[in-house]
Amino acid sequence: MKFNWGTGITIGIILFMAFILQYVIRVQVDSRYDNELVTEDYYQAETLIDSKYEKKQNANNLATKVSIKNVAEGLVVEFPSDFDFSKIKGEISLYRPSNQKLDQTVPLTLTSNAFLIPKNQLESGRWDISVDWSYDEISYLNSESLNLN
């Protein structure tokens, strides 16, 4: 058998395809490469888009907005001071894009207009924070992304 350009290109293509194929198989089988969806119930979550939009509009129409701050003690969510904190109900969703196991939902139990999530409950890195709350039968949604150190 003669080794010419055609044989060399064919061998090169076969070796490249073998490399790509072994890489794809390794990524699908190895548990270190987690191929999870962003949310478990993706299609059901998409049906709630309109209500989320209305909640965000309600939050944007407030004179004093909800603020989410990264402080030394942890994460502080401050609600408008002109609202009675005892009437505020809701939850805070902490979403970690890089690791679904760190996601958590914290119910709002306010003793003042500020809510603190201690730093020891959160790992450093990027967090997507959603505050879904209601006051006097009006629902609000505030979302923000923060990098915690």
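Refer to the preceding data block for the structure.
To keep things clear, this report deals only with the structure shown in the data block. (Residues numbered from 1 in each chain as written. Predicted model: local features only at pLDDT ≥ 70, side-chain atom pairs only at ≥ 80, totals over all residues. Heavy atoms only, no water.)

**Here's the deal with the pairing of strand S3 (residues 89-95)**
Keep this limit in mind: Strand pairing requires that DSSP identify at least two bridges connecting the strands. Helical segments are the DSSP runs of H or I of at least four residues, strand segments are the runs of E of at least two, and each set is numbered from the N terminus.
As defined by bridge partners, S3 adjoins strand S6 (residues 125-135) across seven bridges and the pair is classed as antiparallel. Across the sheet, residue Ile92 finds its bridge partner in S6, namely Val131. Relative to strand S4 (residues 104-107), S3 runs antiparallel, the two sharing four bridges. The residue of S4 that forms the bridge with Leu94 is Gln104.

**Notes on the sheet that holds strand S1 (residues 67-71)**
Spelled out, the test is: Lines fitted to the C-alpha atoms define the axes, with helices restricted to the stretch that makes contact. Angles between their N-to-C directions range from 0 to 180 degrees.
The strand order across the open sheet built from three strands is S1-S2-S5, with neighbouring strands paired in antiparallel fashion. Lying at the two open borders of the sheet, with one neighbouring strand each, are S1 and strand S5 (114-118). Looking at each pair of strands side by side, their axes are set apart by 20° on average, direction ignored. Summarising the sheet, strand S2 (residues 74-78) and S5 pair through five bridges and their orientation is antiparallel. In the strand pairing of S5, Leu75 is matched with Ile117.

**Examining the side chain of Asn142**
Under the convention used in this document: Classification of residues uses two cut-offs on accessible area relative to the type maximum, computed with a 1.4 Å probe and protein chains only: under 20% is buried, over 50% is exposed, and between them is partly exposed. Polar contacts, as used here, are pairs of N or O atoms within 3.5 Å; protein pairs need one atom able to donate a hydrogen and one able to accept it. Residues neighboring in sequence count only if both atoms are side-chain atoms.
Structurally, Asn142 is set in strand S7 (residues 138-148). According to the relative accessible area criterion, Asn142 is buried, its value standing at 12%. Here the side chain of Asn142 touches Trp133 through a polar contact of 2.8 Å, side chain to side chain.

**Thoughts on the environment of Tyr135**
As a reminder of what qualifies: Contacts between residues were defined by any pair of non-hydrogen atoms, one from each residue, lying within 4.5 Å.
Secondary-structure assignment places Tyr135 in strand S6. As for Tyr135 and Ala72, which are separated by 63 residues in sequence, their C-alpha atoms are 29 Å apart. Apart from the residues within four sequence positions on either side, Tyr135 is in contact with Phe83, Asp84, Lys87, Ile88 and Tyr140.

**Description of the sheet that holds S6**
One open sheet accounts for four strands, arranged S4-S3-S6-S7; its pairing is antiparallel. Of all the strands in the sheet, just S4 and S7 have a single pairing partner and so form its edges. On average, each strand axis in the sheet is tilted by 15° relative to the strand beside it, whichever way the strands run. Seen against the sheet, helix H3 (residues 49-60) touches S6 and S7 and runs at an angle of roughly 85° to S7.

**So, unusual backbone geometry**
Here the phi dihedral of Asp136 falls at roughly 50°; this positive angle occurs in a residue that is not glycine. Structurally, Asp136 can be placed in the loop between S6 and S7. With phi around 65°, Glu137 is a residue other than glycine that occupies positive phi space. Secondary-structure assignment places Glu137 in the loop between S6 and S7.

**A word on the packing of aromatic side chains**
Basically, it comes down to this: Each pair of aromatic rings taken from Phe, Tyr and Trp, with Trp reduced to its six-membered ring, is defined by centres within 6.5 Å and is described as stacked if the planes are under 30 degrees apart, edge-to-face if over 60, and tilted in the remaining cases.
On inspection of all chains with the given rule, the structure shows five aromatic pairs. Seen in terms of ring centroids, Trp133 and Tyr140 are 4.4 Å apart; in terms of plane orientation they differ by 25°. Their pairing is stacked. Since its relative accessible area comes to 1%, Trp133 is described here as buried. Judged by its relative accessible area of 6%, Tyr140 falls in the buried class. Here a set of aromatic residues connected by ring pairs shows up, and it is made of Phe79, Phe83, Trp133, Tyr135 and Tyr140.

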